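So you can see what is in the structure, the chains are spelled out below.
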Protein chains: 8
Amino acid sequence: MAQVAVIMGSDSDLPVMGKALDVLAEFGIGYEVSVASAHRTPDKVTEFAHSAADRGIAVIIAGAGMAAALPGVLAAHTLLPVIGVPLSGSALGGTDALYSIVQMPPGVPVATVGIDAAGNAALLAVQILALNNSALAEKLAEYRRQMAAKVEQSSQKVQEEL
Amino acid sequence: MAQVAVIMGSDSDLPVMGKALDVLAEFGIGYEVSVASAHRTPDKVTEFAHSAADRGIAVIIAGAGMAAALPGVLAAHTLLPVIGVPLSGSALGGTDALYSIVQMPPGVPVATVGIDAAGNAALLAVQILALNNSALAEKLAEYRRQMAAKVEQSSQKVQEEL
Amino acid sequence: MAQVAVIMGSDSDLPVMGKALDVLAEFGIGYEVSVASAHRTPDKVTEFAHSAADRGIAVIIAGAGMAAALPGVLAAHTLLPVIGVPLSGSALGGTDALYSIVQMPPGVPVATVGIDAAGNAALLAVQILALNNSALAEKLAEYRRQMAAKVEQSSQKVQEEL
Amino acid sequence: MAQVAVIMGSDSDLPVMGKALDVLAEFGIGYEVSVASAHRTPDKVTEFAHSAADRGIAVIIAGAGMAAALPGVLAAHTLLPVIGVPLSGSALGGTDALYSIVQMPPGVPVATVGIDAAGNAALLAVQILALNNSALAEKLAEYRRQMAAKVEQSSQKVQEEL
Amino acid sequence: MAQVAVIMGSDSDLPVMGKALDVLAEFGIGYEVSVASAHRTPDKVTEFAHSAADRGIAVIIAGAGMAAALPGVLAAHTLLPVIGVPLSGSALGGTDALYSIVQMPPGVPVATVGIDAAGNAALLAVQILALNNSALAEKLAEYRRQMAAKVEQSSQKVQEEL
Amino acid sequence: MAQVAVIMGSDSDLPVMGKALDVLAEFGIGYEVSVASAHRTPDKVTEFAHSAADRGIAVIIAGAGMAAALPGVLAAHTLLPVIGVPLSGSALGGTDALYSIVQMPPGVPVATVGIDAAGNAALLAVQILALNNSALAEKLAEYRRQMAAKVEQSSQKVQEEL
Amino acid sequence: MAQVAVIMGSDSDLPVMGKALDVLAEFGIGYEVSVASAHRTPDKVTEFAHSAADRGIAVIIAGAGMAAALPGVLAAHTLLPVIGVPLSGSALGGTDALYSIVQMPPGVPVATVGIDAAGNAALLAVQILALNNSALAEKLAEYRRQMAAKVEQSSQKVQEEL
Amino acid sequence: MAQVAVIMGSDSDLPVMGKALDVLAEFGIGYEVSVASAHRTPDKVTEFAHSAADRGIAVIIAGAGMAAALPGVLAAHTLLPVIGVPLSGSALGGTDALYSIVQMPPGVPVATVGIDAAGNAALLAVQILALNNSALAEKLAEYRRQMAAKVEQSSQKVQEEL
């Protein structure tokens, strides 16, 4: 059953947002994925946000570019934490999406991650879910250990090559 | 009867958005004014946009700051032209609002004016309404003439003072 | 007969500005197109703006890059609504054109759309014309429905592929 | 018992970060507060992050300005979700802190809120805690209803005054 | 007789643009001053530019803020060198004016000085006029010597105070 | 004999700065060209600036990227007008060079043109030289007429193609 | 005897640059201070840089605003490490000075500290001098300990007040 | 024996950071190189910084991109001078790394060089080491002379080609 909903403004965002799906799969977390636009399918977005908690969703990850209203509009219609992923690709290189997502008004926060950082959005969702799931917390600790080991290996590789 | 709806995200925006009301009043155009937030009162915004045309509104002017989703969300729910006014006042000096309003995705435009330029938003609404109202067009022409005359007067004043 | 004039600062802008022409054609709206520069052919721009209303033009769409004076100078010489399209392509990625177009002084607004968003400029023109053309309004509503349907289809495609 | 730890880089950040404390108190959530600097007291920060989960902390809120390393360094030493608040006040108006907090590398996310948006950081913490606390979820729903009611009241006030 | 024309978009620009007048007066160069707006009095601007050379003007200094079209439009209508002074004061702190003035398209340059640097605009005009006026060149050399002497004096004052 | 000196910080700047040489050649203006760096060959720059006027140079065009000190340092050592060309190519896309060139302190102006706008720098030099050379002024007028004619031709071409 | 030279572009920079002097005095390091401008007194700057090492100077701290050429020009004329302090105060808030100082071309580095961070410039000088002065290194260690203690005290104060 | 430690956040930074190694090798300075991340291997970074001085390291060069905490965290754990190299490659083009490195809080400076300027970081390290190594100082002087000679050669090449 899906605990995380991944939603993006356009199917052209899938190459970036797919990193979130990979991470969720790696942690064995059920997810659903959809395309919806705060500007082109606003009613779907509203309905999606209203029904998410009842469907068992705990965290929503929303990626959008340009005047990226999707994460904020979702946050306006749900009490679930919404993680926003600003997408680059416009002439403004993602600063438009970053500002549109992170600068939410008082009362309705969006947990914003870096530009195009869909993988980190998924990890943040895992960290939230791990608060009440010790097995997941242990997987996360192991993930971090492996990540550190990879950095250490690349350090040794660099030293050997030089 | 109101032809123009002026809507803003917070009553603290009134000192800036009031310039739009002054201009509309000067041209004798009926207007309505409300406070609504795409993030704090999203249902009101949706309903507002859906009902605007039926209430006789022809143009919507929406001012918002920070992650300024209001103009775009209104535009998503109506076919009327929506004029967006990015408001300064945040740490980012209005670039956040500007990018959040102007960088709309394909399909749903917002007619964006300058930062805090509520008076210009109203003049743009007047220009749109004047397309089918020759009396209004003449008022607008007169407004421009007076504006030019004021510039000329200030030029003479500057020359006399020096 | 042309209701919309599309004007651009250079013929190298045609690949971007052509999106506006496509949208206008799709809605069956007559348009004229020209190349003129506020800096290289200023007299043509002035004459163009002065004569536009008399030629039956209702809305002007102007695209320009860099120190993009074209939309503002047109607006200075006509009472018709002018929609400005900031074009990217310079070293500053279009922020120069955006600021040059949107930050108009009090009295002479330009309805600014996103960087390179010529299609949206045309849709905004359609929205303005539809205020007094119910057939056009219905076409616009249908356009929006199809746009929403495409988003929904891409959502289903993404779900099927995963 | 404290469920949320609020940490800031300097006691001069308290006027802004205090908004987080107010929100947490309003929701009846236990919190602890401390001043620590990733650059001036790095060992304390490390120890703080390592021991947080054992002390019963579920969410860390960290505010910092300039080269705001605090949230990211905390996130590096804990599996708990870390919410970062970029603080303005430097010559760069908070863009330095925003970029330093939000642009985390793959593997270690920080949930970033708007510049100086400490109140929103606390609300995000409440949303995370409410995932497993239905009473808190209901308080949050009520908070949103009151927030919407205030917007509606300010709308009526604006209409009456005009 | 005026050799330099100083023109500004609004009489509110006089406190800044007055620095240009002071410098010109200090060098004994005749100047004329006017207020004209590329957007509000475009015909005056065109006429001004067309007639400047015939009136004996050799250099035009134009200050403007926001979508600062004035220097570029003047340059489009004259072969005289036009010096542009971007003015701050808008929400964008003068970057809008700077980009609007300096980023001219190929064929029509504007000699741009720093934001609010009206005094430097006048000095640049003096340098241009001094190319064919050796007395003026000597005055300029003396001006530089005095400027250097003042820096040296302030250096000594700083050393004495410490 | 050379009336204009073109100087650049690196021979890798030649593809951009070569546009200045082309324009000067087109107008039959003698020029000299050199590579010198305010940071790598500072003594050569100083000597170059000191001797320029005596060599018959009237205008200096200096192109530089990044921390582009060259135009300003030249201006510090000569009374001749110095035209600065900010070059892109760094990670900051030329904003570093633009700010480094245009934001000169009071007393020592640099006439700045757009990023990579070496052709415009040459045209500005031509405009300055034309103040005392009516044949050159006439060439410049003809250049402008041809430029306008080309815009008009491209306008007709666009209209024919559509 | 002076080991560190502190130089600034204008005596108006003293309130900021004075923080460097305070830190140097606190560590008992001899310093000299002067005002010199890369643009207004270029010869003095050159001479200053050439003679610094012979005068016994080991590190140069240079503060400048706007097109801040001073640190880079000093670095061009000396082999001593030059620490650059970008100063705010211009319309661009110090980004102009930051870019002008930090973006040096290959071959001539400037050690850049934060905007207005003159105190940190002095500490960096101390760190460099401490490489060969163990007493100074111990003072620096003590300075860090006291700094950490102050942070800890402010943490306790914040906790007591709440 | 290594006098300079070069450390980078990822082995993908080696193509840029390798320029530092080349320069150090050219000057015959012993160096060590490692990969470590302030966020992924924080304990290694701390240990590295704590032990650097005891290993004989005099200067640390640290390159990092995005929320580039590495140089600052190293600086927090050592009294050795730390030279930070902001790396481009993110959507923000290196401004994120630049701000994250240069804007250090009072008390803990990082000597920041230009974006991707790893070669300059090494030269700065050489300049620091040369303070107590006259042979190295002479090599540095020779390096500068050769650099100037290359600029002069490229100047002659440009002149010959034209």
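Residues numbered from 1 in each chain as written. Chains lettered and ligands numbered in written order. Predicted model: local features only at pLDDT ≥ 70, side-chain atom pairs only at ≥ 80, totals over all residues. Heavy atoms only, no water.

Caption draft 1: Structural context of the relation of the copies chain E and chain F. It takes a turn of 180° to lay chain E on chain F, together with a shift of 0.0 Å along the axis; the resulting RMSD is 0.0 Å. One copy is carried onto the other by what is essentially a two-fold rotation axis. A share of 100% of interface residues in chain E that are also interface residues in chain F marks the association as one of identical surfaces. (Least-squares fit on C-alpha atoms with pLDDT ≥ 70 in both. Contact = heavy atoms within 4.5 Å.)

Caption draft 2: Structural detail: the pairing of strand S3 (residues 59-65) of chain F. Residue and element names in this part refer to chain F. Among the seven residues that make up S3, six are buried, leaving the element largely enclosed by the rest of the structure. Bridge count between strand S1 (residues 4-8) and S3: five bridges; the pairing is parallel. Bridge assignment links valine 6 to a residue of S3, and that residue is isoleucine 61. One ladder, built from six bridges, connects S3 with strand S4 (residues 82-87); its direction is parallel. Each residue of the ladder has a partner; that of isoleucine 61, found in S4, is isoleucine 83. In terms of handedness, the path from S3 via helix H3 (residues 70-76) over to S4 forms a crossover that is right-handed. (Buried < 20%, exposed > 50% of the residue type's maximum accessible area, 1.4 Å probe, protein only. Helix = DSSP H or I, 4+ residues; strand = E, 2+ residues; numbered from the N terminus. Pairing = 2+ DSSP bridges. Right-handed = clockwise from strand over helix to strand, strands pointing away.)

Caption draft 3: View of the interface of chain E and chain F. Each side of the interface is counted separately: chain E has 36 residues, and chain F has 37 residues. Taken over both partners, the interface formed by chain E and chain F buries close to 3000 Å², and the fraction arising from carbon and sulfur atoms is 62%. Among the residues chain E hides against chain F, the three largest losses belong to Leu79(E), Pro109(E) and Arg144(E). Together they make up 22% of the total. At the junction of chain E with chain F, the criterion picks out zero salt bridges. For the pair chain E and chain F, the interface holds 18 residue pairs in polar contact (both at pLDDT 80 or more). (Buried area = accessible area lost by both parts, 1.4 Å probe. Salt bridge = Lys/Arg side-chain N within 4 Å of Asp/Glu carboxyl O. Polar contact = N/O pair within 3.5 Å; in protein donor to acceptor, adjacent residues only side chain to side chain.)

Caption draft 4: Fine view of the relation of the copies chain F and chain C. In the superposition of chain F on chain C (RMSD 0.0 Å, axial shift 0.0 Å), the rotation amounts to 90°. The transformation just described matches what one would write down for a four-fold rotation axis. Relative to the rotation axis, the C-alpha of Gly93(F) is the closest in chain F, positioned 6.2 Å from it.

Caption draft 5: Layout of helix H6 (residues 134-161) of chain A. The end-to-end C-alpha separation of H6(A) is 41 Å, in line with the 40 Å expected for 28 residues at 1.5 Å each. Every buried residue of H6(A) is listed here: Leu136(A), Leu140(A), Ala141(A), Tyr143(A), Arg144(A), Met147(A), Val151(A), Ser154(A), Ser155(A) and Val158(A). Where H6(A) is buried, its residues meet helix H1 (14-26) and helix H5 (118-130) of chain A, helix H3 (70-76) of chain D together with helix H1 (14-26), strand S2 (31-35) and helix H2 (42-52) of chain H. One side-chain oxygen at the N-terminal end of H6(A) lies 3.3 Å from the backbone nitrogen of Ala135(A); it belongs to Asn133(A). (Expected span 1.5 Å × (residues − 1).)

Caption draft 6: Seen up close, the pairing of strand S2 (residues 31-35) of chain F. All names here are of chain F. Here five bridges tie S1 to S2, and the two strands are oriented parallel to one another. Residue pairing in the sheet places isoleucine 7 in a bridge with serine 34 of S2. Running through helix H1 (residues 14-26), the crossover from S1 to the neighbouring parallel element S2 is right-handed.

Caption draft 7: Inspection of the environment of Leu123(D) at higher detail. One can find Leu123(D) in helix H5 (residues 118-129). Counting along the chain gives 96 residues from Leu123(D) to Phe27(D), while the straight-line C-alpha distance between them is 9.2 Å.

Caption draft 8: Quick look at the domain arrangement of chain A. All names here are of chain A. Here chain A is described as being made up of domain 1 (4-131) and domain 2 (134-162). Computed from C-alpha atoms alone, the centre-to-centre distance between domain 1 and domain 2 is 27 Å. Inspection of the domain 1/domain 2 interface yields zero salt bridges. The tally of links from domain 1 across to domain 2 stands at one residue pair in polar contact (both at pLDDT 80 or more). Considering each element in turn, the side of domain 1 that touches domain 2 owes the most residues, five residues, to H5. Class assignment for the residues of the side of domain 1 that touches domain 2 results in six nonpolar, two polar and one charged. (Domains from an automatic or database assignment. Nonpolar A, V, L, I, M, F, W, Y, C, P; charged D, E, K, R; others polar.)

Caption draft 9: Summary view of the side chain of Asn120(F). Among the structural elements, Asn120(F) can be located in helix H5 (residues 118-130). For Asn120(F), a relative accessible area of 4% translates into the label buried. One polar contact links the side chain of Asn120(F) to the main-chain carbonyl oxygen of Pro105(E), over a distance of 3.0 Å. Within the structure, the side chain of Asn120(F) is placed 2.7 Å from the backbone nitrogen of Gly107(E), a separation counted as a polar contact.

Caption draft 10: Just the interface of chain F and chain C, in detail. Contacts between the two partners involve 15 residues from chain F and, on the opposite side, 13 residues from chain C. Area buried by chain F at its contact with chain C is led by Val151(F), Val158(F) and Leu162(F), which between them contribute 37% of it. At the junction of chain F and chain C, the tally comes to one salt bridge. Two residues, Lys44(C) and Glu152(F), come together in a salt bridge whose shortest N-O distance is 2.9 Å. For the pair chain F and chain C, the interface holds four residue pairs in polar contact (both at pLDDT 80 or more). Broken down by element, the side of chain F that touches chain C gets its largest block of residues, ten residues, from helix H6 (residues 134-161) of chain F. Residue composition of the side of chain F that touches chain C, by class: six nonpolar, six polar and three charged.

Caption draft 11: A look at the packing of aromatic side chains. Overall, the coordinates contain twelve aromatic pairs over all chains when judged by the stated rule. With a centroid separation of 5.2 Å and an interplanar angle of 45°, the aromatic rings of Phe27(A) and Tyr143(A) are classed as tilted. Of this pair, Phe27(A) sits in the loop between H1 and strand S2 (31-35) while Tyr143(A) sits in helix H6; the two residues are 116 residues apart in sequence, bridging distant segments of the chain. Take Phe27(A) and Tyr143(A): they sit in the same class, and that class is buried. Taking NZ or CZ as reference, Arg55(G) lies 4.9 Å from the ring centre of Phe48(G), over its face. (Phe/Tyr/Trp six-rings, centres within 6.5 Å; stacked < 30°, edge-to-face > 60°. Lys NZ or Arg CZ within 6 Å of the ring centre and 35° of its normal.)

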